[in-house]
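Residue-level listing of the chains:
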Amino acid sequence: MALYKAIDILKLADSKHTAALAFNCADYNMVHSVAVAAETVQKPVICMLHPDHHRIENWITPELFAKLVADEAAAVSVPMAMHLDHCSDFDYLVRALKAGFTSVMYDGSMLPFEENIKNTREITKVAHAMGATVEAELGHVGIAATVTDQSNLDLYTQPEFAAEFCERTSCDSVAVAIGSAHGFYKQTPHLDLERLAAIDAATRTPLVLHGGTGIPDEQLLLAFQRGINKLNVGTEFFWLYYQTIKSYDAPDITQLPRTVQAALTEYLKKKFQLSF
Ligand code: 13P
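These numbers were taken from a predicted model, which means no experiment stands behind them. (Residues numbered from 1 in each chain as written. Predicted model: local features only at pLDDT ≥ 70, side-chain atom pairs only at ≥ 80, totals over all residues. Heavy atoms only, no water.)

Chemist: Explanation requested: the site of the ligand in the structure shown.
Modeler: Close to the ligand lie 14 residues; Asp85, Gly211, Thr213, Gly234 and Thr235 are nearest. Coverage of the ligand by the protein chains reaches 95% of its 310 Å² of free accessible surface. If you map the ligand onto the pockets, it falls in the largest pocket. At the level of elements, β3 (80-87) and β8 (228-233) are the ones that each hand at least two residues to the shell around the ligand. Residue composition of the shell around the ligand, grouped by class: 2 nonpolar, 11 polar and 1 charged. (Near = heavy atom within 4 Å. Areas by Shrake-Rupley, 256 points an atom, 1.4 Å probe, with all protein chains shown as cover. 1 Å grid on protein atoms, 1.4 Å probe; cavity = no way out; pocket = protein on both sides within 12 Å on 5 of 7 lines; lining within 4 Å. Sits in = over half its atoms within 2 Å of the grid points. Helix = DSSP H or I, 4+ residues; strand = E, 2+ residues; numbered from the N terminus. Nonpolar A, V, L, I, M, F, W, Y, C, P; charged D, E, K, R; others polar.)

Printed below as a string of structure tokens:
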């Protein structure tokens with residue numbers, strides 16, 4: 001099947017009142033495992049590149065990532081899409097769009113409301129002109145290790161501003177802050193589902209939940225019913241990759257990729273039980 005656009009997968013999820021899964025990936029082992037698992041369970045999926053995995057950790061470039069996901073998508077029979085995660089650098093966003101990303105996130109969540117609107121609107125115009133879509137963020141999804149970020153109501157998305165934000169930016173989807181955070185949680189998160197329902201009622205834009213690692217499944221399923229159409233997962237996927245390499249002790253190093261892919265695929269197949 002040809003590469004899908006992430007927004008079409010989100011709309012599909014929305015029509016079914018549920019969410020698609022989106023995984024941070026940084027190399028062939030991860031993208032290929034996502035494709036194999038999605039094909040096995042016959043579910044749509046989104047592969048996301050975080051700019052840090054290129055610019056800081058030097059795993060892969062956006063150009064290579066785009067080719068890799070397109071190749072893997074062509075080989076499976078389920079919808080598969082690519083997305084650039086968390087980026088606030090205009091030049092880098094344009095680079096990713098030119099490389100073939102059909103979905104990018106502009107993250108202005110640390111900026112004042114008006115500045116976030118202005119920048120999101122600007123990149124959305126560019127992306128739309130290039131046939132791509134934009135995920136924005138309103139409120140701020142922080143870092144789980146702080147413990148306080150996930151419960152800091154000042155960072156949460158305010159439903160009364162959500163409609164205005166989506167209307168004025170023309171963003172295609174929006175990440176919301178409702179009690180999740182990035183990384184491993186030190187305290188079990190408690191998603192503010194009432195707030196989520198209010199945001200969903202106020203907007204017609206698909207909603208995205210970040211910080212998918214470690215949120216209890218029961219909460220996730222309720223969040224999907226209340227308007228989340230995309231769940232981002234990264235930390236636990238990378239952690240499994242790391243643990244698998246760490247525990248590898250076979251003498252034949254050529255079998256390492258196969259071992260990593262088998263472990264990642266098993267994890268993904270289970271994770272897909274959450275999705276449609
Ligand atoms: P986790 O790393 O906490 O799973 O979050 C991933 C994410 O939200 C990427 O945008």
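Chemist: Whenever I open this one, unusual backbone geometry confuses me. Can you help?
Modeler: Negative phi is the rule for most residues except glycine; trans is the rule for most peptide bonds. One non-glycine residue with positive phi stands out, namely His17, at about 55°. Despite not being glycine, Gln42 has its phi angle at roughly 60°, a positive value. Within the secondary structure layout, Gln42 lies in the loop between α2 (28-41) and β2 (45-49).

Chemist: Even after reading the chapter, I still don't get the side chain of Ser173, so can you show me in this structure?
Modeler: Along the chain, the position of Ser173 falls in strand β6 (residues 173-176). The contact partners of Ser173, leaving out residues within four places of it in the chain, are Leu10, Val134, Glu135, Ala136, Thr205, Pro206 and Val208. (Contact = heavy atoms within 4.5 Å.)

Chemist: Would you mind going over empty space enclosed by the protein with me for this structure?
Modeler: Over the atoms, a rolled probe matching the size of one water molecule traces out where space is still vacant. A full pass over the atoms with the stated rule returns 1 cavity of 30 Å³ or more. There is about 60 Å³ of room inside the largest cavity. As for the largest cavity, its lining consists of Ala6, Ile7, Leu10, His83, Ser103, Thr133, Val134, Glu135, Asp172, Ser173 and Lys230. Breaking the lining of the largest cavity down by element, the ones donating at least two residues are α1 (6-15) and β5 (133-138). Looking at side-chain class alone, the lining of the largest cavity contains 4 nonpolar, 4 polar and 3 charged residues. (Points joined across faces, edges and corners; volume = space filled by probe spheres on them.)

Chemist: Honestly, the packing of aromatic side chains in this entry has me stumped. Any pointers?
Modeler: Two descriptors summarise a pair of aromatic rings, namely the distance from one centre to the other and the angle between the planes of the rings. Considering all chains together, one arrives at 11 aromatic pairs under this definition. Ring geometry for Phe113 against Phe161: centres 5.2 Å apart, planes inclined by 55°, an arrangement best described as tilted. Of this pair, Phe113 sits in helix α6 (residues 113-129) while Phe161 sits in helix α7 (residues 159-169); the two residues are 48 residues apart in sequence, bridging distant segments of the chain. The aromatic ring of Tyr92 is capped on one face by Arg55, whose charged end is 4.4 Å from the ring centroid. (Phe/Tyr/Trp six-rings, centres within 6.5 Å; stacked < 30°, edge-to-face > 60°. Lys NZ or Arg CZ within 6 Å of the ring centre and 35° of its normal.)

Chemist: Quick question: what am I supposed to make of the sheet that holds β3 here?
Modeler: Hydrogen bonds along the backbone pair up the strands of a sheet, which may run parallel or antiparallel. The parallel closed barrel is built from 8 strands, whose spatial order is β1-β2-β3-β4-β5-β6-β7-β8. Within this sheet the neighbouring strands show an average axis-to-axis angle of 30°, counted without direction. Two elements, strand β4 (residues 103-106) and β5, share 3 bridges in a ladder whose sense is parallel. Looking across to β5, one finds that Ser103 is bridged to Thr133. With respect to the sheet, α2 is in contact with β1 (20-24), β2 and β3, its orientation differing from that of β2 by roughly 170°. Lying on the sheet, α7 is in contact with β5 and β6; it crosses β5 at an angle near 150°. (Pairing = 2+ DSSP bridges. Axes fitted to C-alpha atoms, helices over the stretch in contact; angles between N-to-C directions.)

Chemist: How should I be thinking about the pattern of salt bridges in this particular structure?
Modeler: Any two side chains of opposite charge can pair, given that their charged atoms come close. Scanning the model with the defined rule gives 9 salt bridges in all. Lys118 is the salt-bridge partner of Glu122, the closest N and O atoms lying 4.0 Å from each other. One end of the pair is Glu122 and the other is Lys118, both in helix α6 and 4 residues apart, which spans about a single turn. Exposure remark for Glu122: the relative accessible area of 38% places this residue in the partly exposed category. Two residues, Arg195 and Asp192, come together in a salt bridge whose shortest N-O distance is 3.0 Å. Residue classification places Arg195 among the buried positions, given a relative accessible area of 18%. Overlapping salt bridges bring together Glu114, Glu164 and Arg168 as one network. (Salt bridge = Lys/Arg side-chain N within 4 Å of Asp/Glu carboxyl O. Buried < 20%, exposed > 50% of the residue type's maximum accessible area, 1.4 Å probe, protein only.)

Chemist: What should I look at first to understand α1 in this one?
Modeler: Three- or four-residue spacings in an α-helix give side chains the same orientation, since the helix completes a turn every 3.6 residues. Looking at α1, one finds that the buried residues are Ala6, Ile7, Ile9, Leu10 and Ala13. Along the axis of α1, the buried positions cluster into a sector of 155°, meaning they face one direction only. Across from the buried face of α1, at angles greater than 90 degrees, the exposed residues are Lys11 and Ser15. Positive backbone phi, at 55°, marks His17, one or two positions downstream of α1. (Arc of directions from axis to C-beta.)

Purely spatial values, then, with no claim about function.
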